[in-house]
Amino acid sequence: MECMAVSDGGLTYAPPMFPPPATILFGNAPAKALAQVLGEHDVQLETWTEWTSPYTCLLIGGAGHLVLVDTGAGSLAPSTGRLIHNLRSAEIAPGDIDTVILTHAHPDHTGGNIDSEGKLAFPNARYVMWKSEWDFWTSDQAARKLGEHGQMMVAFAQRTLPPIRDRLDLVDRETEILPGIRAVAAPGHTPGHMAVAISSGEQQLLCISDTVLHPIHLERPEWYAVVDFAPEQVISTRRRLLNEAATGKSLVLAFHFPFPALGHVVPKGSGWRWQPINRPG
Ligand SMILES: [Zn+2]
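This section reports on the structure supplied with the text. Just so it is clear, the model here is predicted, and its values are computed rather than measured. (Residues numbered from 1 in each chain as written. Predicted model: local features only at pLDDT ≥ 70, side-chain atom pairs only at ≥ 80, totals over all residues. Heavy atoms only, no water.)

### Description of the pairing of strand β10 (residues 203-207)
Bridge analysis of strand β9 (residues 194-200) against β10 gives 5 bridges, and the strand direction is antiparallel. Bridging from a neighbouring strand, isoleucine 198 pairs with leucine 205 of β10. Count of turn residues in the β9/β10 antiparallel hairpin: 2 residues, of which glycine 201 carries a positive phi of about 60°. (Pairing = 2+ DSSP bridges. Helix = DSSP H or I, 4+ residues; strand = E, 2+ residues; numbered from the N terminus.)

Take a look at the structure:
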């Protein structure tokens, strides 16, 4: 199996459009402890006014399949929607993709489902999602349970999800999606957020998507993000997956981490730390 991290661009999160980064990423962190940990990462809490997050999708090839994990943000912002261009640079046409796995239905992961005319961007693919994720965003639950700031996400999902309805396979347990590609339950960030485990020979790649949003979440898994739907569940999902990645020495892809978003999870104290792989030249 061959895997490739593919950039969709990214977005800078800053007021007034968004809360300050510390509020977005570590909403429940005590200020003093947060300032200390940020300092260890050469970031000053008082002057930390913007967070630029890359959006990194994953392409998996092998055994006669071409699989894409997440479709990026599409037309969400001028700085997003680079996925198709970057796939073409690798000589892959959208029609070549036969399976699209959506880790969850936030705009930055499903916005590329459709093109600027609302047509399916990957016309030959079947789509795979966790059942409770689909149910949440396509019912009136999301609109009821998310606050005012969440209504933009609901509206976005209502545009990007219906077009895939007729070619969708829903999973509700940990199962093989294709040989060597397994759905892993990772709820919390959203109700049916899922991770994807890819194994090839002795090697494993664990795509944890938004289980963590920033490398400091490995060190402080109990500091959750304002966009995390179910914080307690996020924390237990983080501990389970990070422990699994560290023990199995898996390569890990974390969608919002610095490109190529790939690295290893290394034990540190009672938590872990992120060890990025060197970016190929
Ligand atoms: Zn995301």
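### Section: the sheet that holds strand β7 (residues 176-178)
The strand order across the open sheet formed by 7 strands is β7-β8-β9-β10-β11-β12-β13, and the pairing between neighbours is mixed. Each of the sheet's edge strands pairs with one partner strand only, and the pair in question is β7 and β13 (271-276). Averaged over all neighbouring strand pairs, the angle between strand axes comes to 35°, with direction disregarded. For strand β8 (residues 181-185) and β9, the ladder comprises 5 bridges, and the chain directions are antiparallel. Its bridge partner lying in β9, alanine 185 is registered against methionine 194. (Axes fitted to C-alpha atoms, helices over the stretch in contact; angles between N-to-C directions.)

### Overview of helix α9 (residues 231-247)
Taking 1.5 Å per residue as the helical rise, α9 with its 17 residues ought to reach 24 Å, and the 24 Å between its terminal C-alpha atoms agrees with that figure. Burial in α9 covers these residues: Val234, Ile235, Thr237, Arg238, Leu241, Leu242, Ala245 and Ala246. Angular distribution of buried residues about the axis of α9 spans 165°; they occupy a single face of the element. Residues Glu232 and Thr247 are exposed on α9 and point more than 90 degrees away from its buried face. Lysine 249 sits one or two positions beyond α9 and adopts a positive phi of about 50°. (Expected span 1.5 Å × (residues − 1). Buried < 20%, exposed > 50% of the residue type's maximum accessible area, 1.4 Å probe, protein only. Arc of directions from axis to C-beta.)

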